[in-house]
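Structural overview for review
Listed below are the residues making up each chain.
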Amino acid sequence: MPERTLAILKPDCVKRNLMGKVLGRIEAAGFRILSLKMVRLTRETAGGFYAVHQERPFFNDLVAFMSSGPCVPIALEKENAVADFRALIGATDPRDAAPGTIRKDFAASKGENIVHGSDSPENGGIEIAYFFAEKEVVEGR
């Protein structure tokens, strides 16, 4: 049964005009795009999305970064979507990412690492719902 995950092309990806390259890799890896849109997160919406990290030392920097420019949330579907997407994007720190992963090839740093990916199928559903109304998630292509 297909699984869903949320990807976000972060502000550094958008600013550096890498959206097409990253989307091409996502599609080439067999993911179906169910929905996508460009948004500008406020500090409040970024903080709400990353609330799970509220007590972590990097939280304020993360919220500032994610609200620094437009980003592109994308609802994806595929068998083993979460694990496959995390393998496609690589480790959070591009220095630790495997060769050929999105972060290894494009990310500038651990803080500006091009793309977000859900960490579990449950969170994938929650995160997709944070950005997309049910009617915006298009199935049956």
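Located above this text is the structure these notes cover.
Quick look at the structure, then.

Rules behind the numbers
Residues numbered from 1 in each chain as written. Predicted model: local features only at pLDDT ≥ 70, side-chain atom pairs only at ≥ 80, totals over all residues. Heavy atoms only, no water. Pairing = 2+ DSSP bridges. Helix = DSSP H or I, 4+ residues; strand = E, 2+ residues; numbered from the N terminus. Axes fitted to C-alpha atoms, helices over the stretch in contact; angles between N-to-C directions. Buried < 20%, exposed > 50% of the residue type's maximum accessible area, 1.4 Å probe, protein only. Arc of directions from axis to C-beta. Contact = heavy atoms within 4.5 Å.

A separate point is the sheet that holds strand β4 (residues 115–117). Read across the open sheet, the 4 strands follow the order β2-β3-β1-β4; overall the sheet is antiparallel. Where the open sheet ends on each side, the last strands, each with one partner, are β2 (32–36) and β4. On average, each strand axis in the sheet is tilted by 25° relative to the strand beside it, whichever way the strands run. Bridging between β2 and strand β3 (residues 72–78) involves 4 bridges; their strand directions are antiparallel. The residue bridging Leu-36 from the neighbouring strand is Ile-74, located in β3.

This next bit is on helix α7 (residues 121–131). Every buried residue of α7 is listed here: Gly-124, Glu-127, Ile-128 and Phe-131. Axial view of α7: buried residues confined to an arc of 105°, hence all on one face. Opposite the buried face of α7, at more than 90 degrees from it, the exposed residues are Glu-122, Ile-126 and Ala-129. Buried residues in α7 make contact with β1 (3–9), α3 (43–49), β3 and β4.

The subject of this paragraph is the environment of Phe-65. For Phe-65, the position within the fold is in helix α4 (residues 59–66). Residue Phe-65 is classed as buried on the basis of its relative accessible area of 11%. Taking C-alpha positions, Phe-65 is 12 Å from Leu-9, a pair spaced 56 residues apart along the chain.

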